[in-house]
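Each chain, letter by letter, is given below.
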Amino acid sequence: NNYLGLADNPELIAAARAFPLAHNRRVTFEYVLLADVNDSDDDARRLVKLVKGIPSKINVIPWNPFAGPQFRRPSTERIFGFQDRIREAGLPVYI
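I will try to describe carefully the structure that is included in this document. (Residues numbered from 1 in each chain as written. Predicted model: local features only at pLDDT ≥ 70, side-chain atom pairs only at ≥ 80, totals over all residues. Heavy atoms only, no water.)

## Structural notes on the packing of aromatic side chains
Evaluation of the coordinates by the stated rule reveals three aromatic pairs. Here Tyr-31 and Phe-82 contribute two aromatic rings whose centre-to-centre distance is 5.2 Å and whose plane-to-plane angle is 25°, an arrangement assigned as stacked. On the criterion of sequence distance, the pair formed by Tyr-31 in strand E1 (residues 27-33) and Phe-82 in helix H3 (residues 76-88) is long-range, its members being 51 residues apart. Measuring from centroid to centroid gives 5.3 Å for Trp-63 and Phe-71, while their planes differ by 70°, and the two rings are edge-to-face. Taking the relative accessible area as the measure of exposure, Trp-63 reaches 14% and is therefore buried. Here the aromatic residues Trp-63, Phe-66 and Phe-71 are joined through ring pairs into a cluster of three or more. (Phe/Tyr/Trp six-rings, centres within 6.5 Å; stacked < 30°, edge-to-face > 60°. Helix = DSSP H or I, 4+ residues; strand = E, 2+ residues; numbered from the N terminus. Buried < 20%, exposed > 50% of the residue type's maximum accessible area, 1.4 Å probe, protein only.)

Structural data, given as structure tokens:
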């Protein structure tokens, strides 16, 4: 498996920016939160910057471990801290 983030797919972000939305509708971004991979405050700020100007909401999905992949679930404190950084930027964010 290769890790591929939103920033690695500028065509997807461009499509989200250009997508015609009805009034009060939003694009939903699903963000799988991986411990020590993409769960830092800096990662949250990069995500905010990436989706800035797109009517959107962000669903943060903490990793649920299973046999195979070596990813880890962030701590509860880290999950809520990540959510707080996004919320502080004025974006709707849900876990």
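After that view of the structure, there is still more to cover.
## Here we look at the pattern of salt bridges
It is possible for side chains bearing opposite charge to pair when their charged atoms get close. Tallied over the full model, the rule gives seven salt bridges. For Asp-42, the salt bridge identified is with Arg-45, shortest N-O distance 2.8 Å. Pair noted here: Asp-42 and Arg-45 are both in helix H2 (residues 41-51), with a separation of three residues, about one helical turn. By relative accessible area, which is 43% here, Asp-42 ends up partly exposed. Close ionic contact of Asp-43 with Arg-46 constitutes a salt bridge, the shortest N to O distance being 2.4 Å. On the criterion of helical spacing, the pair formed by Asp-43 and Arg-46 is a turn pair, its members being three residues apart in helix H2. Residue class for Arg-46 comes out exposed when judged on its relative accessible area of 51%. Look at the salt bridges and you will find they share partners, linking Asp-41, Arg-78, Arg-85 and Glu-88 into a network. (Salt bridge = Lys/Arg side-chain N within 4 Å of Asp/Glu carboxyl O.)

## Focus on unusual backbone geometry
What is expected of a backbone is that most residues other than glycine have negative phi and most peptide bonds are trans. The backbone of Asn-24 shows a phi angle near 65°, a positive value even though the residue is not glycine. The topology assignment puts Asn-24 in the loop between helix H1 (10-18) and E1. A relative accessible area of 66% places Asn-24 in the exposed class. Here the phi dihedral of Asp-36 falls at roughly 60°; this positive angle occurs in a residue that is not glycine. With respect to the helices, strands and loops of the structure, Asp-36 is situated in the loop between E1 and H2.

## A closer look at the nonpolar core
Soluble globular proteins: nonpolar side chains tend toward being buried together. Among the nonpolar cores identified, the biggest contains 18 residues, and Phe-29, Leu-47, Ile-58, Val-60, Phe-82 and Ile-86 are the most heavily contacted of them. Those elements that provide at least two residues to this core are H1, E1, H2, strand E2 (56-62) and H3. (Core = buried A, V, L, I, M, F, W, Y, C linked by side-chain atoms within 4.5 Å.)

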